Amino acid sequence: MFTTPSAICVAIVVVAFLLRAFHRRKSIRYIRGPPRFFSLLGHDYLMNLQEEVGDLDFKWLAEFGSTWRIQGAFRTDVIMTADPKAIQHIYHKSAYNYAKKQSQNHMSYILAGPGIVWSQGEDHQRHRKIMNPAFSAAHLRSFLPLFQRVTGKLVEKWKAELATTSEFESLINNWISRAALDIIGQAAFDYDYGVLEDAEQSTLAKAYHGILKDAEFRLPGAMMVFRAAWDYIPVPVLKLFQYLPVDPFTRILSLRRLYISVGKQILREKRPELDAEKRPNSKDIMSILIKANASSEAKTRLNDDELMAEMYTLTLAGHETTATTISFLMYQLSLHPEYQARMRQEIREVRARVSARTGIDFTMEDLDNLPLCLNAIKETLRFHPIVSYLPRVATKDDVLPLMHPITSTTGETITEIPISKGQTIITSFAAYNRLPQVWGEDSHVWNPDRFFRIDVGKQTNVGMFANLMTFSAGVRGCIGWRFSIIETQALVAELLENFQFRLPAGADPTADRKKSELQCAPSGAAMVPLIRGKPELGPSLRLRVSLAPTE
Ligand code: HEM
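By the naming in an unreviewed UniProt entry, the protein chain is Cytochrome P450 monooxygenase, taken from Trametes versicolor. Turning to the protein chain, the UniProt record has this under Cofactor (unreviewed entry): "heme". Under the UniProt heading Pathway (unreviewed entry), the note attached to the protein chain is "Secondary metabolite biosynthesis."

(A) Structural view of the site of the ligand. Around the ligand, a shell composed of 27 residues is seen, among which His124, Arg128, Arg392, Arg476 and Cys478 lie nearest. Between the ligand and Arg128, the relevant distance is 2.6 Å, taken from an oxygen atom to a side-chain nitrogen or oxygen of the residue. Interatomic distance of 3.1 Å between a side-chain N/O atom of Arg392 and an oxygen atom of the ligand. Mapped onto the shell around the ligand, the elements with two or more residues apiece are helix H6 (121-131), helix H15 (304-318), helix H16 (320-335), strand E5 (389-394) and helix H23 (481-498). Broken down by class, the residue content of the shell around the ligand amounts to 12 nonpolar, 11 polar and 4 charged.

(B) Structural detail: the layout of surface pockets. Looking at the second largest pocket, its volume works out to about 620 Å³. Forming the walls of the second largest pocket are 33 residues, and the residues nearest its centre are Glu52, Tyr331, Phe383, Arg513 and Lys514. Those elements that provide at least two residues to the lining of the second largest pocket are helix H3 (55-64), H16 and strand E10 (518-523). Of the residues forming the lining of the second largest pocket, the biggest block, 3 residues, is contributed by H16.

(C) Examining the pattern of salt bridges more closely. Overall, the coordinates contain 26 salt bridges when judged by the stated rule. The residue Arg69 makes a salt bridge to Asp77 at a minimum N-O spacing of 3.7 Å. Judged by relative accessible area, Arg69 falls into the buried class, the value being 12%. For Arg126, the salt bridge is made with Glu306, and the minimal N-O distance between the two is 2.7 Å. Of the two residues, Arg126 sits in helix H6 while Glu306 sits in helix H15, which places them 180 residues apart along the sequence. On the basis of relative accessibility, which here comes to 16%, the residue Arg126 falls in the buried class. Through salt bridges with shared partners, a single ionic network connects Glu379, Arg382, Asp442, Arg450 and Arg453.

Conventions and cut-offs
Residues numbered from 1 in each chain as written. Predicted model: local features only at pLDDT ≥ 70, side-chain atom pairs only at ≥ 80, totals over all residues. Heavy atoms only, no water. UniProt positions renumbered as here; feature names shortened; annotations may be inferred. Near = heavy atom within 4 Å. Polar contact = N/O pair within 3.5 Å; in protein donor to acceptor, adjacent residues only side chain to side chain. Helix = DSSP H or I, 4+ residues; strand = E, 2+ residues; numbered from the N terminus. Nonpolar A, V, L, I, M, F, W, Y, C, P; charged D, E, K, R; others polar. 1 Å grid on protein atoms, 1.4 Å probe; cavity = no way out; pocket = protein on both sides within 12 Å on 5 of 7 lines; lining within 4 Å. Points joined across faces, edges and corners; volume = space filled by probe spheres on them. Salt bridge = Lys/Arg side-chain N within 4 Å of Asp/Glu carboxyl O. Buried < 20%, exposed > 50% of the residue type's maximum accessible area, 1.4 Å probe, protein only.

As structure tokens, this is what we get:
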């Protein structure tokens, strides 16, 4: 299938090895790590083949401490860390001095174009400055009625299913994903995908799902080598690759073109009205963004291609991430029915107070007054980080401080690591989120009550929410984290108040996770729920849904 890329690949591999010979860095071989692995891709190959995301991270964490060395593509030495001080240094203190890898970043360009995710350094600051106003806490809270309206539709759909049966079994991730897509369309650019009503209705939705399937999922080895080689190719040449007449590039390009044509139409419709201040109350993210853009200095403005890339990026970044997290939460509640019952009780108590004041919907304050629900959301984000790791490359020589010293290959204690320009450091979000020193000795157990005993304010400050790394951190941390949390709070309260979730028929809740139906599979750096042994079905998380028991 990848004959042209394979041929290019061979040439690139040769060049990559030659280039590496000229770019010798300080050796980091004194850092302990897993034995060398005979593959052009090094341990990247093994990480892509993990049965469950984090299997290797947790093994290496237990064996070497919170920082270790692995072998990257083309026999490079890569540092992998889950150390809080190292993470704080890379993501907070060094700002843009640890940049994205070219290969990783270029995939963002192919998928979404010249938007915020692809931009780097000062250019990224420009994108972020224009986008920030749309992500203020106050503005995001104004989306609550939208979140509740769409969730209400989902509740009606499930109640209709339950009119003729006491329970149904379903891929609930598909349902929640449809609700989340409708939400992001309306919140981001006032566009109704309408997929909750009809999954096949929207051309954009179909285009979007097609692209996602092509992005990362279980790439063949040749394609992985081809991608890894992108780190060694000049960017102008890389940009031409998207025009290669082979799949998946042709598919991605044609789908992106379709998206751009719809995006242009949305921009055309929005701009004259906003410029003329005819719709001063437009609240969607694009409207706020267009206004911020118009009122900023000419040199910091985003052009139309960049605006359209943001529109598409918001759909890509803000939909499946939240939907999958909510699905994992429902899965954990099916494994922990007693916690599910406690949450429902808590929701019903607040509902009683809402009814007493003759209200209909929960307010933001009501939702913030559900500590059991909030803790379950935090614990699920900790346990199932949708992005499980991120690589960064040092743009200059540096010294990486460690909070938890490690032991070198010769038995010395290491408290800091000299870093050469060009050194790749992978942060394992999965491993950081399970560090026993931060989360307790039971860090490998899903237990939301830990957030009652842990004071995250006393921890080394790293993550954006609950000090987790799930939304990354610092100047490039997730801009939509608060959007996602409010959306999750709204959905979880409505769904649990109305429905009960259970494991699929025949599933044993006490069985070893590795033998259960749900596989948390790696797809690049992302975590995807699959039905074990059936990857061809794509992202799937099956549960039983029935009406919630009355009090
Ligand atoms: C559970 C839900 C979510 C998770 C786990 C998540 C995770 C992340 C992570 C790890 C990054 C950093 C990626 C990198 O540096 O390469 C990121 C960036 C980003 N996220 Fe999220 N995200 C979520 C929801 C959202 C939502 C709802 C939106 C929008 C409404 C959003 C928009 C973005 C954008 C635009 C970026 C790029 C930020 C930048 O480069 O400055 N995300 N997200």
